[in-house]
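Survey of secondary and tertiary structure
Letter by letter, the chains look like this.
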Amino acid sequence: MNMVSKIEAAAPAAPIPAAQPRRAATRPAPVRKSRLRYRLENLAWQIVLIGGFLLLWEYASDRWVPKLMVSKPSEIGAMMWKWLMDGTYLSNLWVTIQATFFGFLFGAGAGMIVGFLTGSWRRLGDILQPIVTAFYTLPRLALAPLFLLWFGLGIEFRIVFAATIVFFLVYYNTYFGVREVSRELISAVRIMGASRIQVMTRVIIPSALVWVAAGLKISVPYALVGVVVAEMLASDKGMGFLLSRSASQFSASGSFAAIAGLLVVALIVDWIITKITDRALRWKTVAEQK
Amino acid sequence: MLLELRDVHFRYHGEAPILEGFDLDIAHGEFVALLGPSGCGKSTLLNLAAGLLDPLAGEVDFGGKALTGLNRDAGYMTQGDTLLPWMTVTNNIGLPLELRNVPRGERRDKIERALKLVNLWEARDKFPSELSGGMKRRALLARSIIYDPPMLLMDEPFGALDAQMRETMHQELLDTVGRTGESVLFVTHDISESILLADRILVLGGRPLKVLEEVRIAWGKDRDLDKIRKDPEYTALETRLRDLLRAAHS
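**Notes on the interface of chain B and chain A**
- If you look at the interface, chain B gives 25 residues, while chain A gives 20 residues.
- In this assembly, chain B packs against chain A so that about 2100 Å² is buried in total across both faces, 67% of it on carbon and sulfur atoms.
- One can count one salt bridge joining chain B with chain A.
- A salt bridge links A:Arg202 to B:Glu98; the nearest nitrogen and oxygen atoms lie 2.9 Å apart.
- Seen at the junction of chain B and chain A, the total is seven residue pairs in polar contact (both at pLDDT 80 or more).
- The set of elements that each furnish at least two residues to the side of chain B that touches chain A consists of strand 6 (74-77) and helix 2 (89-99) of chain B.
- Considering every element that reaches the side of chain B that touches chain A, the biggest residue donor is helix 2 of chain B, with four residues.

Take a look at the structure:
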């Protein structure tokens, strides 16, 4: 099970608004070797692949490819070590994580609220949904100059920019999640004696939660993307700034070190969000685990 | 009479009237099957009895009183899987009691009895996704009877099951209502199912919907389904109902 979610986490999240939370229950492979052994073997292969790639890189740099373009793993490692020690990573990562967190929080919060309202209030949904879709098709990058004008270079700009990206992903998932709830289920629960509020809390919200969780999961990396892009566009702090500054100084090792830092953050954030959503959706995964 | 429909009129928007002056009576403890072709309006009748639909004209009385809003004194079971997937079997079956604010201790006793009644005691802590189709049906049956409603409204409840599981469920349903004395209004398009289960079969057809034939079955609640299947009377009934249904189709 853990492996499935890891593979899923590693795969790039598709930018489809209505993600598919329903994963087909897969039957585990017939047993030939123990699960632990299988996983250790996989791990070994992964280490060999990555290690081989790094060695090849180290060898090819300056021999086949100019070092100015691709740097060298050893130099990137040295740069990463330096940034780790002198606090460059810490201060810039902190700025990026903060902006990502708040961008995600505001975007996801607004997306869930608007999604629940438009999904459960049919008339409102029919009126608002086409308008939201119109804004969704607009390239979000086109809004950046306007946001810069409104919010300046500070963290507000980065937060708002990330939030606009997250909003739509969460909104669509929530909206369709609420609308997908089966009428039959609602009728059955109402006859059992549920009030309208109980239908909302007992049926609609938990049903929609699968979709909301899927929306949240795919939108976290997008929040990070939004913040980094915003930092590259206009900022004097953060990993995006570090990346674009290194590139503009022709420091390939700096650029790669910044990317590596982002990679680690993205993996940690994804791991945390997977843990949280898996816990909330235990009822769904319990049959697949067996 | 437990359920009475008097001169009921009903139509869906933009369609020909389904009901024009329809009458229906169901006595306490009676098992009535509504047999008719798909889409004839059987489920509409059931949903009127459940209070999910309101008649345009006429009256729906339940337990001697006019039905306003949802019929909360009925158990309701459809073909769909309406167990809540995020709740265990125990919590699903106990949900009606929880919604009715039944005290915790009483709830626990009733749930235990219901689980044992439908043979789900072993599976009580499982989630619906871990259950087989037949187990889900049994859980749904337990949930619809746990608050002892005087009447069960069932809309092709065993439609999606394989033949063998249906036979088991038929027996379990008969045993259950035999023990509890509940009335049942049972919608089906399956001829043999209606003969095996019902005390009275109403063959429905036409638009507006009419009772084409009323068939009384005298086998009682403690009938032996295997024996009935071999009874020549069963075969004769089946042939007769098949001809009637064919007429209803045309």
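**What about the sheet that holds strand 3 (residues 31-35) of chain B?**
Residue and element names in this part refer to chain B.
- Taken in spatial order, the six strands line up as 6-7-8-3-9-10 in an open sheet, and their pairing is mixed. Unpaired on one side and paired on the other, strand 6 and strand 10 (210-216) mark the two borders of the sheet. Going from strand to strand, the sheet's axes swing by 15° on average, the running direction of each strand aside.
- Relative to strand 7 (residues 151-155), strand 6 runs parallel, the two being bridged by four bridges.

**Notes on the domain arrangement of chain A**
Residue and element names in this part refer to chain A.
- You can read the domains of chain A as domain 1 (31-74) and domain 2 (85-289).
- Between domain 1 and domain 2, the C-alpha centre-to-centre distance is 32 Å.
- Residue-level contacts link five residues of domain 1 with four residues of domain 2.
- Summed over both partners, the interface of domain 1 with domain 2 buries about 330 Å², with 74% contributed by carbon and sulfur atoms.
- Broken down residue by residue, the surface that domain 1 buries against domain 2 is led by Trp57, Leu68 and Ser71, which jointly contribute 82%.

**Focus: the side chain of B:Arg166**
- Its place among the elements puts B:Arg166 in helix 5 (residues 163-180).
- Ignoring anything within four residues of it in the chain, the contact list for B:Arg166 reads B:Phe158, B:Gly159, B:Leu161, B:Asp190 and B:Glu193.

**Digging into the packing of helix 6 (residues 122-137) of chain A against helix 8 (residues 155-180) of chain A**
Residue and element names in this part refer to chain A.
- Running from amino to carboxyl end, helix 6 crosses helix 8 at an angle of 150°, the nearest separation of the two axes being 12 Å. One finds that helix 6 runs roughly antiparallel with respect to helix 8. The crossing of helix 6 and helix 8 is left-handed. Residues Arg122, Gly125, Asp126, Gln129, Val132, Thr133, Phe135 and Tyr136 of helix 6 form the contact with helix 8, whose own contacting residues are Phe167, Phe168, Tyr171, Tyr172, Tyr175 and Arg179.
- Grouping the amino acids of the contact of helix 6 with helix 8 by side-chain chemistry returns eight nonpolar, three polar and three charged.

**Description of the packing of aromatic side chains**
- For the structure on display, the rule yields 21 aromatic pairs over all chains.
- Both rings, one in A:Tyr136 and one in A:Phe168, keep their centres 5.6 Å apart while their planes meet at 45°; by these two values the pair is tilted. With A:Tyr136 in helix 6 and A:Phe168 in helix 8, this pair connects stretches of sequence that are 32 residues apart.
- Overall, A:Phe168 belongs to the buried group, its relative accessible area being 8%.
- Of the aromatic side chains, those joined through ring pairs into one cluster are A:Tyr136, A:Phe167, A:Phe168, A:Tyr171, A:Tyr172, A:Tyr175 and A:Phe176.
- Here B:Lys116 stacks its cationic end above the ring of B:Trp121, 4.7 Å away from the centre of that ring.
- A cation sits over an aromatic face here: B:Arg124 above B:Trp121, 4.1 Å from the ring centre.

**A look at helix 8 (residues 232-249) of chain B**
Residue and element names in this part refer to chain B.
- Taking 1.5 Å per residue, 18 residues should reach 26 Å; helix 8 reaches 26 Å between its end C-alpha atoms and fits that length.
- Those residues of helix 8 that sit buried are Tyr234, Leu237, Glu238, Leu241, Leu244, Leu245 and Ala248. The buried residues of helix 8 occupy an angular sector of 135° when projected down its axis, which confines them to one face. Facing away from the buried surface of helix 8 by more than 90 degrees, the exposed residues are Pro232 and Arg246.
- Elements that come into contact with the buried residues of helix 8 comprise strand 3, helix 6 (191-197), strand 9 (200-205), strand 10 and helix 7 (225-230).
- Where helix 8 begins, the capping side chain belongs to Asp231, and its oxygen is found 2.9 Å from the backbone nitrogen of Glu233.

**Remarks on the sheet that holds strand 4 (residues 57-62) of chain B**
Residue and element names in this part refer to chain B.
- If you trace the four strands from one edge of the open sheet to the other, you get 2-1-4-5, paired in antiparallel fashion. Each end of this open sheet is capped by a strand with a single partner; those strands are strand 2 (19-26) and strand 5 (65-66).
- Looking at chain direction, strand 1 (residues 3-10) and strand 4 are connected through five bridges and run antiparallel. Within the sheet, the bridge partner assigned to Leu3 lies in strand 4 and is Phe62.
- On the sheet, helix 1 (residues 42-50) packs against strand 1, strand 2 and strand 4 and is oriented at approximately 120° with respect to strand 1.

**A closer look at the environment of B:Asp54**
- The topology assignment puts B:Asp54 in the loop between helix 1 and strand 4.
- Discounting residues that sit within four places of it in the chain, B:Asp54 has contacts with B:Phe10 and B:Leu48.

**Concerning the pairing of strand 8 (residues 183-188) of chain B**
Residues and elements named next belong to chain B.
- A large share of strand 8 lies buried, amounting to six of its six residues.
- Every second residue of strand 8 is oriented toward a common face, with Ser183, Leu185 and Val187 on one face and Val184, Phe186 and Thr188 on the other, all of them buried.
- Where strand 3 meets strand 8, five bridges bridge the pair, whose relative direction is parallel. When the sheet's bridge partners are listed, Leu34 is paired in strand 8 with Val187.
- In the sheet, strand 7 pairs with strand 8 via five bridges, with the strands oriented parallel. Directly across from Met154, in strand 8, lies its bridge partner Phe186.
- For the crossover that starts at strand 7, traverses helix 5 and ends in the parallel strand 8, the hand is right-handed.

Quick notes on the rules
Residues numbered from 1 in each chain as written. Chains lettered and ligands numbered in written order. Predicted model: local features only at pLDDT ≥ 70, side-chain atom pairs only at ≥ 80, totals over all residues. Heavy atoms only, no water. Contact = heavy atoms within 4.5 Å. Buried area = accessible area lost by both parts, 1.4 Å probe. Salt bridge = Lys/Arg side-chain N within 4 Å of Asp/Glu carboxyl O. Polar contact = N/O pair within 3.5 Å; in protein donor to acceptor, adjacent residues only side chain to side chain. Helix = DSSP H or I, 4+ residues; strand = E, 2+ residues; numbered from the N terminus. Pairing = 2+ DSSP bridges. Axes fitted to C-alpha atoms, helices over the stretch in contact; angles between N-to-C directions. Domains from an automatic or database assignment. Parallel < 35°, antiparallel > 145°, perpendicular 65-115°, else oblique. Left-handed = near helix turned anticlockwise from the far one by under 90°. Nonpolar A, V, L, I, M, F, W, Y, C, P; charged D, E, K, R; others polar. Phe/Tyr/Trp six-rings, centres within 6.5 Å; stacked < 30°, edge-to-face > 60°. Buried < 20%, exposed > 50% of the residue type's maximum accessible area, 1.4 Å probe, protein only. Lys NZ or Arg CZ within 6 Å of the ring centre and 35° of its normal. Expected span 1.5 Å × (residues − 1). Arc of directions from axis to C-beta. Right-handed = clockwise from strand over helix to strand, strands pointing away.

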